[in-house]
Protein chains: 2
Amino acid sequence: MSHDTDIARSAELADALGAIALDSETAKHEQVRNRLIEVIELLQSGDRLPPERELAARFGVSRMTLRQAISGLASAGYVVRVQGDGTFVADPTISKSSELTGFSEDMAARGFRPSSRLLAISHVSAGAALGQELVISPEEMVFHLERVRMADGIPMCLETIDLPARLTPGLDQQPLDQSLYEILRAVYGIELFEADQVILPTVVNQEQADLLRVPVHSPALIVKRIGYDKKRRPIERAMSIYRGDRYDIRMTVRRNPT
Amino acid sequence: MSHDTDIARSAELADALGAIALDSETAKHEQVRNRLIEVIELLQSGDRLPPERELAARFGVSRMTLRQAISGLASAGYVVRVQGDGTFVADPTISKSSELTGFSEDMAARGFRPSSRLLAISHVSAGAALGQELVISPEEMVFHLERVRMADGIPMCLETIDLPARLTPGLDQQPLDQSLYEILRAVYGIELFEADQVILPTVVNQEQADLLRVPVHSPALIVKRIGYDKKRRPIERAMSIYRGDRYDIRMTVRRNPT
DNA sequence: ACCGATCAGTGGTCCGTACCAATGCGGGAG
DNA sequence: CTCCCGCATTGGTACGGACCACTGATCGGT
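Residues numbered from 1 in each chain as written. Chains lettered and ligands numbered in written order. Predicted model: local features only at pLDDT ≥ 70, side-chain atom pairs only at ≥ 80, totals over all residues. Heavy atoms only, no water.

Where an unreviewed UniProt entry is consulted, chain A appears under the name GntR family transcriptional regulator, with the organism given as Pengzhenrongella frigida.

So, in structure tokens, the structure goes:
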């Protein structure tokens, strides 16, 4: 890295380390968290962050508030804290995964351009099994979507999604070649909060093979998901079949307590 | 539930809600956390916990300490907090998964009796690929284990593990039909802290099919794992092949921040 | 009977302080 | 030169207080 960019980086750093503005909209520890992420992105993995007491002074917050922000970053895998030594920028290994993400975000994070082809959309009654999973009456109407999801134009997975029609009136008028989660958020104000997932292996049948452009009986991953909002109301049931030759699931897991 | 057990439960509850003993060994918020787990297990899902201020008074700790304990339980999925309303015992759905567990713990949590059959153990030099993954010299010696893991006597997965021999001298003298993690902890004082995992699908070949007692070309899950201790020193590389007809991976994922 | 305003109670945020515990390093003893 | 002790630094724990934001229920008025 050249001397010039070092200077530029220092200037940015000084900027990022300035006192936070009084923004009554957002919680302070959240503002601090965001500022810290800016700082971290200007550093390299292994670099030591300034001491907590100094950071707190710079941002103009109490050490407790600062620690609340850092704790979040630590459990999200951004930094590692070592008592008696300091806080360090973490390796950007696999971490930060094992989060709830839609296909579009997932692919963007892996450096691919996501896209989508709508195979079918229908407006049908839920039926017994789906009704039970979404905690609605078997007679209640749902939207049923089938899509091929692509990364840089290459088919990556087949996606089947069911949502209660009551929550998303007119969904069939939306541009469903884009991120469904984004549509849910922007158009319907629905924000997914958590999801229960089940992962299991399979082999693709002839129809799936044609759509994914892989040989019949190729290994594939099935991911079944039921997504909930913050009040744990069921929002969607999704089943995705990922081709096994170009996709894997990566995560960092930790020991017992958080 | 009968009246008698109600009374018994109340007595237990009162007991669990008493002031905590002064145990300088463990951090207070950890003691509080454990006590809260006792309380939670006496309640049913959906029950409301006493207010934070009351709990803090009962345990004889500050509200901050109490909140620290509850925060851990919340992110671990034991309880759900609702501002303005209260803290409630969570549904024991899939949650609490997505943790780092060994096969033995995993199976015990699912209600099966875990066991193991040692296929082979050898003491060899790491080689290039493994050396890189464990961050050791390619010439350094490692123990190489192959085991069949069973649940209630039914073969569930084939496990291949490599560990630096330097960390576990005499490992080949240990009872390797038991939990490896338990041996690491009890005999060598090595505690795994986190692991990076990759999950992908496959089909079993003839040899694997025979060992797992499934048809050849059956779908299976491959889980590759590199385990680290708290200082992020690599401890083990493991590759497990799970039969797809009797095993799946379940987890609860949440949105962005923790 | 219905609807809306009010209010008490609950978790969420934030402050400032004090002390404990682990780490790394430097200085002094051997 | 080496080793060990002790000190300064850093994160970890804990306290107690104050106020904010949200929820659910209560109490009016219509």
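More follows now that the structure is in view.
S.K.: Just checking my understanding: could you explain the protein's contact with DNA strand C for this structure?
M.R.: Residues in contact with DNA strand C amount to 26 residues; listed here are only the nearest, K28(A), T65(A), E52(B), R63(B) and R67(B). Backbone atoms, meaning sugar and phosphate, make up 63% of the atoms of DNA strand C lying within 4 Å of the protein. Within the backbone of E52(B), an N or O atom sits 2.8 Å from a phosphate oxygen of DNA strand C. A distance of 2.8 Å separates a phosphate oxygen of DNA strand C from a polar atom in the side chain of R67(B). (Near = heavy atom within 4 Å. Polar contact = N/O pair within 3.5 Å; in protein donor to acceptor, adjacent residues only side chain to side chain.)

S.K.: Explain the confidence of the model for chain A to me, please; I cannot follow it from the model alone.
M.R.: Low pLDDT marks regions whose predicted coordinates should not be analysed in detail. With 87% of its residues at a pLDDT of at least 70, chain A reaches an overall mean of 87. At the level of individual helices and strands, chain A shows its lowest average pLDDT in helix α1 (residues 3-16) of chain A, which scores 60, and its highest in helix α8 (residues 206-212) of chain A, which scores 97. (pLDDT = per-residue confidence, 0-100. Helix = DSSP H or I, 4+ residues; strand = E, 2+ residues; numbered from the N terminus.)

S.K.: Is there a simple way to explain the sheet that holds strand β6 (residues 194-203) of chain B in this structure?
M.R.: What holds strands together in a sheet is hydrogen bonding between their backbones, with the strands either parallel or antiparallel. Spatially, β9(A)-β6(B)-β7(B)-β8(B)-β5(B)-β4(B)-β3(B) is the arrangement adopted by the seven strands of the open sheet, whose pairing is antiparallel. The open sheet has two edge strands with one neighbour each: β9 (249-254) of chain A together with β3 (114-125) of chain B. Looking at each pair of strands side by side, their axes are set apart by 20° on average, direction ignored. Bridge analysis of β9(A) against β6(B) gives six bridges, and the strand direction is antiparallel. Counterpart to R254(A) in the pairing with β6(B) is E194(B). (Pairing = 2+ DSSP bridges. Axes fitted to C-alpha atoms, helices over the stretch in contact; angles between N-to-C directions.)

S.K.: Would you explain the protein's contact with DNA strand D in this entry?
M.R.: In the vicinity of DNA strand D there are 26 residues, among which E52(A), R63(A), R67(A), K28(B) and T65(B) approach most closely. Each atom of DNA strand D within 4 Å of the protein belongs either to a base or to sugar and phosphate, the latter forming 64%. Within the side chain of R63(A), an N or O atom sits 2.8 Å from a base nitrogen of DNA strand D. Note that a phosphate oxygen of DNA strand D is positioned 2.3 Å from one of the backbone N or O atoms of K28(B). For the surface near DNA strand D, the secondary structure elements donating two or more residues are α3 (52-59), α4 (63-75), β1 (79-82) and β2 (86-89) of chain A together with α2 (28-42) and α4 (63-75) of chain B. Looking at the surface near DNA strand D, the element that brings in the most residues is α4(B), giving four residues.

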